Amino acid sequence: MALRMWASSTANALKLSTSASRSALASPAFSLARSFSTGIFAVLEGFKYASSHEWVKHDGPDHLGEVVFVELPEEGKSVSQGNSFGAVESVKATSDINSPISGEVVEVNTKLSESPGLINSSPYEDGWMIKVKPSNPSELESLMGAKEYTKFCEEEDASH
C-alpha cells in the first residue's frame, strides 16, 4: 500500500475540491489536483477516487518525487473525464494529469507556477490545481470512496 499511496502521491495531483453533500453537486465549481509525494498520506473519507489515482473532493508505479513544474490549462478550457488536462514534472518523471470529471475550468491555482512543491506539501489544501464547473455531476458516482480506493491501492500494490 505504501507505493500506491500515490493515492496521495500520484493521486493528489488531481484534486477536485467541492463538498460531499448532494447539494454540493449543484455548486458552480470543483477543484482538481493530483499530487506526487515522497511520503505516505492518508486516504481521506469524503473524497472520491479514480482507479487512475486522481481524486475529487466536493466545495504510477512508484513515487514520482518532488514536483518541480506544473503545466495547467487556462480558465475557460474544457476538461473531459479520463483525459489529460496538464502535466506534472517531478525529479523522477513527467506525468499527465487526468481529469476525474468533465466540465469547464473556472479557476487555476496560480500559486503552483511559483511553488509547484505545494502539490507535495499540501495536496489536499493548497496544492489543488484547477477548479471545474462540472458538466455532468453524475460522473462522481463512477468514482471510488475512501474505503474502495484504499482496497484498490492495496490490490494494485500486491500485483506489482
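Quick look at the structure, then. Note that the coordinates shown come from a computational prediction; the quantities given were computed from them, not determined experimentally. Each chain has its residues counted from 1, running along the sequence as written. In keeping with the model being predicted, local features are shown solely for residues with a pLDDT of at least 70 and side-chain atom pairs are shown and tallied solely at 80 or more, while totals for entire chains, interfaces and linings include all residues. For side-chain calculations, the full set of non-hydrogen atoms in the structure is used, while hydrogens and water are omitted.

### Some words on the pairing of strand S8 (residues 94–98)
Stage number 1. Of the two faces of S8, the one lined by Ser95 and Ile97 is fully buried and the one lined by Thr94, Asp96 and Asn98 carries no buried residue.
Stage number 2. As defined by bridge partners, strand S7 (residues 84–90) adjoins S8 across 5 bridges and the pair is classed as antiparallel. Looking across to S8, one finds that Ala87 is bridged to Asp96.
Stage number 3. Note on pairing: DSSP must find at least two bridges between two strands before they are called paired. Runs of H or I in DSSP of at least four residues are treated as helices and runs of E of at least two as strands, each being numbered from the N terminus. Linking S7 to S8, which pair antiparallel, is a turn of 3 residues. For each residue, the accessible area found with a 1.4 Å probe, counting protein chains only, is set against the maximum for its type, and the residue is called buried under 20%, exposed over 50%, and partly exposed in between.

### What to know about the pattern of salt bridges
Stage number 1. Salt bridges, as used here, are contacts in which a Lys or Arg side-chain nitrogen is within 4 Å of a carboxyl oxygen on Asp or Glu. Within the structure shown, the criterion is met by 2 salt bridges.
Stage number 2. Lys131 is the salt-bridge partner of Glu107, the closest N and O atoms lying 3.7 Å from each other. Linking Glu107 in strand S9 (residues 103–108) with Lys131 in strand S10 (residues 130–134), this pair joins segments that are 24 residues apart in sequence.
Stage number 3. The exposure class of Glu107 is partly exposed, given its relative accessible area of 32%.

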